Amino acid sequence: MMLEYKELIANDEIYFGENDEGRPKLKRFLSQVKEGITWTTLWDFVPLNTAASSEMAQIFGNLTTFENPKPVGLISHILEVGGSNDAVILDFFSGSATTAHAVMQLNAEDGGKRKFIMVQLPESCGEKSEAYKAGYKTIAEIGKERIRRAGKKIKAENADKEGIDQLDIGFRVLKIDSSNMKDVYYTPDAVQQRNLFDQIDNIREDRTPEDLLFHVLLDWGVDLTLPITQETIAGKIVLFVDDNALAACFDADINEAFVKELAARHPLRVVFRDAGFVSDSVKINIEQIFKLISPSTEIKTL
Ligand SMILES: C[S@@+](CC[C@H](N)C(=O)[O-])C[C@H]1O[C@@H](n2cnc3c(N)ncnc32)[C@H](O)[C@@H]1O
C-alpha cells in the first residue's frame, strides 16, 4: 500500500491542493475518464492534427497534398450525431474530401447507405507545391484521388466483413459549365447570316453525350447516382439509365428502323437530339412508332 502511494507520488498522480498542504487526492487524467464525459466542444472529441495528417499519410504516403484536412473521426462523429445511415451528406467545402472518406468508413462499419456530395472549386495547388509537382494540379484532383484510395483501403481493411463487397465506393465527377445549348435567341437586328446555321442544331459542338445526358437528368429531376450503361444499337450510341428507366441517343441520322428497335426496349423515357433525325418525317413519326410499340414511353428531344 505504502509502495503504491509512493509510486503515485513519484508519478505525480497525487494532488495536495493549491499550496501542497491539502489532503492528498488522486489525479484523474482526461485519457482515463474519456468514457461518459460529454464534450463541451467537438474539438475535444478527437486529437485534431495528429489524426488528420497521419490519415493523409496512410493514403498519400510522404507526399504532403493538403494543408489542413479534418480528422475522419471528427466528421464521422458529426455524421453519427446529425444524420441517419442513409442520409445524403453535402460538403460545400470539400478540400481533401475527408467527408467522403468518413461516409465510406461509416457505411463499412454499420452497413449504412449514406451518399456524399462533395463540392470543390478547381482551386490550384500552387505550382511550387509538392502536390502540384506530383501531378495534382487542383485541390479537386487531390480529393478525387483520396476518395479512390480511401475506398479501396476501407474495403481491404474490412475484407473479412460480411457484405463488404456491397460497399459502394464509386463516385461521379460533375463540373458546372456553360449551357449545352447555343445562344439562339437574337434580337432581329443582331441576327447575322452565319447565325442561321446555329438554328439547325442548337447544341454546342464540344458537348459529349454524357454532358447532354446529365442535362436531361437534371431537367427531369432524375437521381444523378443511378447506374448508366452504354450500348450500340443499329450503329447508334444509346445511354441507358437504371436499366431502361431512361434511354438517350444524341447521335445524328436517326431513322425509323433505329427508333423501332429502341422502342422495342420499352424504356420509361426516351430522349433524342432535336436535330438528330434523318428527316422531318421521321421526327414527326417517332410518337406514332412509340404509340404502337411502347405506348407508355415518355418522349423528349433536346
Ligand atoms: C478548409 S478547406 C476544407 C477542408 C476539408 N474539410 C478537409 O478535411 O480536407 C476549404 C476548402 O473549400 C474550398 N472552397 C472555398 N470556397 C469554395 C466555394 N465557394 N465553393 C467550393 N469550394 C470552396 C477551398 O478550395 C478549400 O479546398
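Residues numbered from 1 in each chain as written. Predicted model: local features only at pLDDT ≥ 70, side-chain atom pairs only at ≥ 80, totals over all residues. Heavy atoms only, no water.

Details of the overall build of the protein
Within the protein, the secondary structure is distributed over 10 helices and nine strands. Burial status across the protein gives 34% buried among its 302 residues. Put simply, 55% of the contacts in the protein that link residues at least 6 apart link residues at least 24 apart. Summed over its atoms, the accessible surface of the protein is roughly 18900 Å², and 54% of this surface lies on carbon and sulfur atoms. (Helix = DSSP H or I, 4+ residues; strand = E, 2+ residues; numbered from the N terminus. Buried < 20%, exposed > 50% of the residue type's maximum accessible area, 1.4 Å probe, protein only. Contact = heavy atoms within 4.5 Å. Areas by Shrake-Rupley, 256 points an atom, 1.4 Å probe, with all protein chains shown as cover.)

Topic: the pattern of salt bridges
Applying the stated criterion across every chain, the model contains 16 salt bridges. Across the pair Asp177 and Arg207 runs a salt bridge, and its minimum N-O distance is 4.0 Å. Linking Asp177 in the loop between helix H6 (139–157) and helix H7 (193–198) with Arg207 in the loop between H7 and helix H8 (209–220), this pair joins segments that are 30 residues apart in sequence. Note on Asp177: relative accessible area 58%, which makes it exposed. Using a relative accessible area of 11% as the deciding quantity, one classes Arg207 as buried. Here Glu231 makes a salt bridge to Arg265, at a shortest N to O gap of 2.7 Å. Linking Glu231 in strand S5 (residues 228–233) with Arg265 in the loop between helix H9 (256–263) and strand S8 (269–272), this pair joins segments that are 34 residues apart in sequence. Assessed through its relative accessible area of 34%, Arg265 is described here as partly exposed. Counted as one network, the salt bridges with shared partners bring together Glu145, Arg148 and Arg149. (Salt bridge = Lys/Arg side-chain N within 4 Å of Asp/Glu carboxyl O.)

Some details on the side chain of Asn158
Its place among the elements puts Asn158 in the loop between H6 and H7. For Asn158, a relative accessible area of 14% gives the class buried. Engagement of the side chain of Asn158 in a polar contact is seen with the backbone oxygen of Ile154, the distance being 2.6 Å. (Polar contact = N/O pair within 3.5 Å; in protein donor to acceptor, adjacent residues only side chain to side chain.)

Overview of the sheet that holds strand S6 (residues 236–241)
Backbone-to-backbone hydrogen bonds pair the strands of a sheet. The strands run either parallel or antiparallel. Taken in spatial order, the five strands line up as S5-S6-S7-S8-S9 in an open sheet, and their pairing is mixed. Looking along the sheet, the strands with just one partner apiece sit at the ends: S5 and strand S9 (298–301). For this sheet the average axis-to-axis angle between neighbouring strands, irrespective of direction, equals 20°. As paired strands, S5 and S6 are joined by six bridges and run antiparallel to one another. What sits directly across from Ile233, in S6, is Lys236. (Pairing = 2+ DSSP bridges. Axes fitted to C-alpha atoms, helices over the stretch in contact; angles between N-to-C directions.)

Re unusual backbone geometry
A positive phi angle is found at Asp12, which is not glycine, with a value near 55°. Mapped onto the elements, Asp12 comes out in the loop between helix H1 (2–10) and strand S1 (14–15). Exposure remark for Asp12: the relative accessible area of 45% places this residue in the partly exposed category. Despite not being glycine, His266 has its phi angle at roughly 50°, a positive value. Tracing the sequence through the fold places His266 in the loop between H9 and S8.

Observations concerning H8
With 12 residues, H8 should cover 16 Å at 1.5 Å per step; its first-to-last C-alpha distance of 16 Å lies within 8% of that length. Within H8 the residues assigned to the buried category are Leu212, Leu213, Phe214, His215, Val216, Leu217 and Trp220. In this fold, the buried residues of H8 make contact with S5, S6, strand S7 (246–249), S8 and S9. Two residues or fewer after H8 comes Gly221, characterised by a positive phi angle close to 65°. (Expected span 1.5 Å × (residues − 1).)

Worth remembering: the numbers are spatial, not functional.
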